[in-house]
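In case you want the letters, here they are:
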Amino acid sequence: LSRFVEKKGLDVLIKAAKLLEDEDFEFNIYGFGDLEESYRELMEEIECTNVKINDELPHEKVKDLLMSSDLLVAPSKIDSQGDRDGFPTVIFESMAVGLPVLTTDVSAIPEIIKDGVNGFITESNNPEKFAEKIKEIAQYSNEELLKIRKQAQEDVKNISSVEKTMERYVDTVSVE
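An account of the accompanying structure is given in this report. (Residues numbered from 1 in each chain as written. Predicted model: local features only at pLDDT ≥ 70, side-chain atom pairs only at ≥ 80, totals over all residues. Heavy atoms only, no water.)

**Things to note about unusual backbone geometry**
Okay, step 1: Not every positive phi belongs to a glycine, and Glu-47 is a case in point at roughly 55 degrees.
Okay, step 2: The phi dihedral of Asn-125 is positive, around 55 degrees, even though this residue is not glycine.
Okay, step 3: Note that Asn-125 resides in the loop between β6 (120-122) and α6 (127-138).
Okay, step 4: What makes Asn-125 partly exposed here is its relative accessible area of 45%. (Helix = DSSP H or I, 4+ residues; strand = E, 2+ residues; numbered from the N terminus. Buried < 20%, exposed > 50% of the residue type's maximum accessible area, 1.4 Å probe, protein only.)

So this is what it looks like as structure tokens:
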């Protein structure tokens, strides 16, 4: 679930998926943007057959998709102009519904996602590390994943609650 822009790292996902073609993994990308054709060309060039690019998903269908998925992969990276995501909204949405998240060490992401605790983190812009991490996550037991999913949901509640937001705001604003 992404805009097709460089900082989202979807090229990294496609290359990682290619490395996992002999495994039982399928990847679905939903979104829109200027880089869609280049992603399709990359898939053709490297003969990647386990990735499907889908149109943008209507907002009312996002929750159902997240709840029926096994893992959200958000391969955020720093783009060639230095731009990066602060914290992708789809990660919060996934955590809220209990979908495990694999993402990167870019920007504010590691401040929220703790590897193996409430999600999974790997090095950005590295298809090999992404593929390794996906294989590692696939080895987790249902009980281990349930613990991570529950922690993610708890953390989203704590991070996004109005009370916590106001506490942080009050702590950072001084009255003169």
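**Some words on the pairing of strand β3 (residues 51-54)**
Okay, step 1: Note: strand β2 (residues 27-32) against β3, 4 bridges, orientation parallel. Bridged to Tyr-30 within β3 is Asn-54.
Okay, step 2: One crossover worth recording links β2 to the parallel β3 by way of helix α2 (residues 36-45), and it is right-handed. (Pairing = 2+ DSSP bridges. Right-handed = clockwise from strand over helix to strand, strands pointing away.)

**Notes on the pairing of β2**
Okay, step 1: As judged from the 2 bridges shared by strand β1 (residues 2-3) and β2, these two strands associate in the parallel manner. When the bridges of β2 are listed, Ser-2 appears paired with Gly-31.
Okay, step 2: A crossover links β1 with its parallel partner β2, the connecting element being helix α1 (residues 10-19), and its sense is right-handed.

**As for the pattern of salt bridges**
Okay, step 1: Under the defined criterion, the tally for this structure stands at 8 salt bridges.
Okay, step 2: Linking Lys-77 and Asp-11 is a salt bridge whose minimum nitrogen-to-oxygen distance equals 2.9 Å. Highlighted residues: Lys-77 in the loop between β4 (72-74) and α4 (89-97) and Asp-11 in helix α1, separated in sequence by 66 residues.
Okay, step 3: What makes Asp-11 buried here is its relative accessible area of 16%.
Okay, step 4: Counted as one network, the salt bridges with shared partners bring together Lys-7, Lys-8, Asp-83 and Asp-85. (Salt bridge = Lys/Arg side-chain N within 4 Å of Asp/Glu carboxyl O.)

**Let's talk about a negative patch on the surface**
Okay, step 1: Together, Glu-37, Glu-41, Glu-44, Glu-45 and Glu-47 line one region of the surface with negative charge.
Okay, step 2: Residue position: Glu-44 is located in helix α2.
Okay, step 3: Glu-44 sits in the exposed class, given a relative accessible area of 67%. (Patch = residues over 30% accessible without salt bridge, like charges linked within 9 Å, V, L, I, M, F, W, Y side chains within 5 Å. Areas by Shrake-Rupley, 256 points an atom, 1.4 Å probe, with all protein chains shown as cover. Lys, Arg positive; Asp, Glu negative; His and termini not counted. Charge placed at Lys NZ, Arg CZ, Asp CG, Glu CD.)

**Observations concerning the sheet that holds strand β5 (residues 101-104)**
Okay, step 1: One open sheet accounts for 3 strands, arranged β4-β5-β6; its pairing is parallel. Every other strand in the sheet has two partners, leaving β4 and β6 as the edge strands with one partner each. Sheet twist, expressed as the mean angle between neighbouring strand axes with direction ignored, is 20 degrees.
Okay, step 2: Direction of pairing for β5 relative to β6: parallel, over a ladder of 3 bridges. Following the sheet pairing, Leu-102 is matched in β6 by Phe-120. (Axes fitted to C-alpha atoms, helices over the stretch in contact; angles between N-to-C directions.)

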